[in-house]
Structures are given as structure tokens and as C-alpha cells.
Amino acid sequence: MAQTLWCRGLGMSPEWEPDPAVEAVIAYMREEYSAWGWADPLLELTWYDHPEPRPFPSGKQLSQLLVLRHRDRGFYFEFNDYIGRVSGGWLVAIDPAGDRSEWVSNMSHGEEAFFLAACFLPQTASERVVADFMVGGNLSPETEWVSFGPLCPRRDYPSE
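Undergrad: Tell me what's going on with the sheet that holds strand E8 (residues 111-116), and back it up with residues and numbers.
TA: Strand order in this open sheet of three strands is E7-E8-E11, and the pairing throughout is antiparallel. At either end of the open sheet lies a strand with only one pairing partner, and these are strand E7 (103-108) and strand E11 (154-155). Across two bridges, E8 lies against E11 in antiparallel orientation. Counted as the bridge partner of Phe114 is Arg155 from E11.

Below, the structure is given as C-alpha cells:
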């Protein structure tokens, strides 16, 4: 089976792009916040397994990395391994030394959402997380990953 990495969100484009270069994605991450769009500062990377090359994302999803950008705090990551190599369902990257009591607002899918401050990583660590994922769809050892469910780091309201 062929595996293809598909990317959506480069240059604020809603179109899927197959096998983007790591350098192109890292360069996009270094762009000004305004280059990410005000309503959806999101980059989606998804690995697919399919029988032959396709001009669009299809086949079995293997793993996915969602990247949200905050104007001042860096990048937020959610990861899912659809084929069971990693347990815990959806995982979120977290700074082990980060503040788990502070919540910050950020746009997500065109709406204001609230994120745990400890889940935003700085530029250098974020670039490593993305590069590691793009190499084979795996979690980066650059940061700690925890299960999304119990932590609930992205909400429609500021805190409990």
C-alpha cells in the first residue's frame, strides 16, 4: 500500500496538498500570524494508506496532527493514531512545566475557544513536533503527550 501525507491549511488554503515538503511547512510556521488567517489558524496533517496514488485524501487514515497557532503563545497540537500504535485516543502536546491553571482564548474553526496555556509550545519545539510527524506519522519525543479526554485542554468556555 502507498502512504501519502496530506496537508490542509498552508497559506490559508482549504485545499488538500499531497506530500508537502517539511521545509515548506516549517517556513509556513515561521510566517507572521496574519498569514494563518484570523478565523482558523489551523494546519492539518494526515497520513493515509491507499492502494494507489490518488489526487485527493482517501483510503485508511493512519495518523493525524492538528496544529493551531496562537498569536503570542506558539502552537497547540492534537494527535490521533487511527491504527492503534499509540494508546489513549486523541492526545495533546503539553509542556510538563507549563501552567495547568491558566486558560487563553484563541480562534478555532471560526469560533472563539479556550485552551490550556500549558499546551502551547514555543517555535523551536513546535517545528520539531511537525517535522517528526511528517517523517512517519509518529509522535515527537520533543514534548510530553497526554490523553485529551481527562485533561480537556480545548473548550468552548474558559474553565470549569
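Right, picking up where we left off after that structure.
Undergrad: Just give me the short version of the nonpolar core, but keep the residues and values in it.
TA: In this structure, Leu43, Leu45, Leu65, Val67, Phe77, Val130 and Trp145 are the most contacted members of the largest nonpolar core, which totals 26 residues. For this core, the secondary-structure elements that each account for two or more residues are strand E1 (2-8), helix H1 (22-29), strand E3 (42-50), strand E4 (60-70), strand E5 (74-81), strand E6 (91-94) and helix H2 (123-136). Of the residues forming this core, the biggest block, five residues, is contributed by H2. Look past the residues within four positions of Leu43 in its chain and what remains in contact with it is Cys7, Arg8, Gly9, Leu10, Val25, Tyr28, Trp36, Leu65, Leu66 and Val67.

Undergrad: Go over the pattern of salt bridges with me, naming the residues and quoting the values.
TA: Side-chain pairs of opposite charge can arise whenever the charged atoms involved come near each other. Using the criterion set out here, one finds five salt bridges in the structure. For Glu44, the salt bridge goes to Arg8, with nearest N and O atoms at 2.7 Å. Here Arg8 lies in strand E1 and Glu44 lies in strand E3, a separation of 36 residues in the sequence.

Undergrad: Any chance you could break down the pairing of E6 for me, citing the residues and the numbers?
TA: What you see with E6 is no split at all: Leu91 and Ala93 on one side and Val92 and Ile94 on the other are buried throughout. Where E5 meets E6, two bridges bridge the pair, whose relative direction is antiparallel. Considered in E6, the bridge of Phe79 is made with Leu91. The sheet contact formed by E6 and strand E10 (residues 144-147) spans four bridges and is antiparallel. What sits directly across from Ala93, in E10, is Trp145.

Calculation notes
- Residues numbered from 1 in each chain as written.
- Predicted model: local features only at pLDDT ≥ 70, side-chain atom pairs only at ≥ 80, totals over all residues.
- Heavy atoms only, no water.
- Pairing = 2+ DSSP bridges.
- Helix = DSSP H or I, 4+ residues; strand = E, 2+ residues; numbered from the N terminus.
- Core = buried A, V, L, I, M, F, W, Y, C linked by side-chain atoms within 4.5 Å.
- Buried < 20%, exposed > 50% of the residue type's maximum accessible area, 1.4 Å probe, protein only.
- Contact = heavy atoms within 4.5 Å.
- Salt bridge = Lys/Arg side-chain N within 4 Å of Asp/Glu carboxyl O.

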